[in-house]
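# Summary of the model geometry
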Amino acid sequence: MIKKKNLIGLEHIDAPEIELILDTAVAMKEIVFRPIRKVPTLRGRTITNLFYEPSTRTRTSFELAAKFLNADVINISSSASSVVKGESLKDTVRTLEAMGTDIVIIRHPMAGAANLLAGWIGATVINAGDGAHEHPTQGLLDMFTVREKKGALEGLKIVIIGDILHSRVARSDIWGFLKMGAKVSVCGPATMLPAGIERTGASVYCSIDEALKDADVIIMLRIQLERQKAGLFPSLREYARLFGLNRERLSLAKKDALVMHPGPMNRGIEISGEVADSLQSVINEQVTNGVAVRMAVLYLLIGGGDA
Amino acid sequence: MSDKMRQKAQILDKEGIRRALVRIAHEIIERNKGTEKIALIGIQRRGVPLANRLSGYIREIENKAIPVGVLDITLYRDDLTTLAHQPILRRTEVPFPVKNQKIILVDDVIYTGRTIRAAMDAIMDLGRPKIIQLAVLIDRGHRELPIRADYVGKSTPTSGKEIVAVRLQETDGQEGVFILGEG
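Residues numbered from 1 in each chain as written. Chains lettered and ligands numbered in written order. Predicted model: local features only at pLDDT ≥ 70, side-chain atom pairs only at ≥ 80, totals over all residues. Heavy atoms only, no water.

### Some words on the overall build of chain A
- Along its length, chain A carries eleven helices and nine strands.
- Computed over its C-alpha atoms, the radius of gyration of chain A comes to 19 Å, within 12% of the 19 Å expected for a compact globule of 307 residues.
- For chain A, the spread of C-alpha atoms along the principal axes amounts to about 55 × 45 × 35 Å.
- Counting the 307 residues in chain A, one finds 58% classified as buried.
- Of the accessible surface of chain A, which amounts to about 12700 Å², a share of 53% is contributed by carbon and sulfur atoms.
- In chain A, which carries 37 positive and 34 negative side-chain charges, the distance between the mean positions of the two groups comes to 3 Å. (Helix = DSSP H or I, 4+ residues; strand = E, 2+ residues; numbered from the N terminus. Rg over C-alpha atoms; globule rule 2.2 N^0.38 Å. Buried < 20%, exposed > 50% of the residue type's maximum accessible area, 1.4 Å probe, protein only. Areas by Shrake-Rupley, 256 points an atom, 1.4 Å probe, with all protein chains shown as cover. Lys, Arg positive; Asp, Glu negative; His and termini not counted. Charge placed at Lys NZ, Arg CZ, Asp CG, Glu CD.)

Take a look at the structure:
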């Protein structure tokens, strides 16, 4: 059973809870492939997507997950709401709560926004990405995808490559995979490796060739072009040459290594088109699994009456 | 189940369960005039081994393989908002189209009828069967919905305070049907 009302990050949930979410997602995935993709479970419940940052797949994925479970969904993006009139986060969510929303799914550029929100309102809060802090449902869907392909997570070598500094996906993946008994390494330009990241329990590599050795799973992170004005590396061409995943590099990993990417991809920068479309790539399956995992999270968190 | 619950009576033993299922297998064949278009769907959890056994008995009698599906009705329950914790979701696996099939739902015990209501809704979401019939090992009465079983292993009057415990080798490592109650 899930002990908490909210899902803020994977740092503070334990292995049995992760296991329960992943097991529940297995049953949810069957619904995603039905001709009629609808079960009545969350009928009459309202779920609000509150997005202060642009998003296609995460927002759509949560929306589909909620709709497959028969909940009503409201989408609010900051650019088209009272936020542009200067309304604070607190007032915005109090308004939503007064209208009777059961779950608020929030994405926000500031780390800690979801946690703050959870302290203000009685509704369940799900973090859909807060700054460079965490993106727990992405971490869960990555674990689900790997578990489905490899059977178990324990003992696997997971390598996360790219802009670790700005990546909430990396943080959720590190916490999640380590809790499930996998070994996690991170690799990227030294300017993109946050100080103290090794304290999480992850190993740190500056050479991609060394990091890839014997890897079971390779998670490539998106170079966030919008953040590159900071000059953390000299040029995209150099980044692609030193840290991009191409066919030759892929051969350093185990023969059956999985290639993953949270999307959206910059083809030709962090990942070559050839690798992204190869048989080892499970990037599209990650998207499908994302819906199943989010259905599981919604189901498990919304439950519980007053008993 | 509280610790105070003790075994008051045994209603079926291993042989009794076998005989009841063999009879139901015969009744299914007779009622449907053969096995054409018949498929069994077991309700998680103990309906599943019972459906598998019925399929085996029908095969022994008619020499025809009957497909068996597995149904979890959790997402269709009408009491989800009143439970303290969400029940564990188990897998649903119906590897055949239900459209125009004669679906026989299988469960261990019929009591209020609410599980069967949920199961029928779940099946309808998979397609439109020609007919749905219901087979149960035990009918213990106390229906809260206008639902009845087509095939019953044994009808046993019970009180609402008692528990009917069906134990099967596949799920419990033991065979038998017991009535548990206080004192």
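### Points about helix α1 (residues 14-31) of chain B
All names here are of chain B.
- Here α1 contains 18 residues, and its C-alpha end-to-end distance of 26 Å stays within 8% of the 26 Å for a straight helix at 1.5 Å per residue.
- What α1 keeps buried is the set Gly16, Ile17, Ala20, Leu21, Ile24, Ala25, Ile28 and Ile29.
- Count one or two residues on from α1 and you reach Lys33, which has phi positive near 50 degrees. (Expected span 1.5 Å × (residues − 1).)

### Side note on the pattern of salt bridges
- One pass over the full model with this rule turns up 28 salt bridges over all chains.
- In this structure, the salt-bridge partner of Glu15 of chain B is Arg19 of chain B, at a minimum N-O distance of 3.4 Å. Here Arg19 of chain B and Glu15 of chain B lie together in helix α1, a separation of four residues that amounts to about one turn.
- The partner of Asp172 of chain B in a salt bridge is Arg46 of chain B, and the shortest N-O contact between them spans 2.7 Å. A residue pair is termed long-range when its members are at least 10 positions apart, and Asp172 of chain B in helix α4 (residues 169-172) and Arg46 of chain B in the loop between β2 (38-43) and α2 (47-62) qualify at 126 residues.
- Arg46 of chain B gets classed as partly exposed once you look at its relative accessible area, which sits at 24%.
- Because the salt bridges share partners, they merge into one network encompassing Glu19, Asp23 and Arg147 of chain A. (Salt bridge = Lys/Arg side-chain N within 4 Å of Asp/Glu carboxyl O.)

### Re the sheet that holds strand β6 (residues 183-187) of chain A
Residues and elements named next belong to chain A.
- Spatially, β7-β6-β5-β8-β9 is the arrangement adopted by the five strands of the open sheet, whose pairing is parallel. Both outer strands of the open sheet, β7 (203-205) and β9 (258-260), are each paired with one neighbouring strand and no more. Averaged over all pairs of adjacent strands, the angle between their axes in this sheet comes to 20 degrees, without regard to strand direction.
- Taken together, the three bridges between β6 and β7 define a ladder with parallel strand orientation. In the strand pairing of β7, Val186 is matched with Val204.
- Where helix α5 (residues 136-150) meets the sheet, its contacts fall on β8 (217-220) and β9, and the angle it forms with β9 comes to roughly 165 degrees. (Pairing = 2+ DSSP bridges. Axes fitted to C-alpha atoms, helices over the stretch in contact; angles between N-to-C directions. Contact = heavy atoms within 4.5 Å.)

Keep in mind these numbers describe shape, not what the thing actually does.
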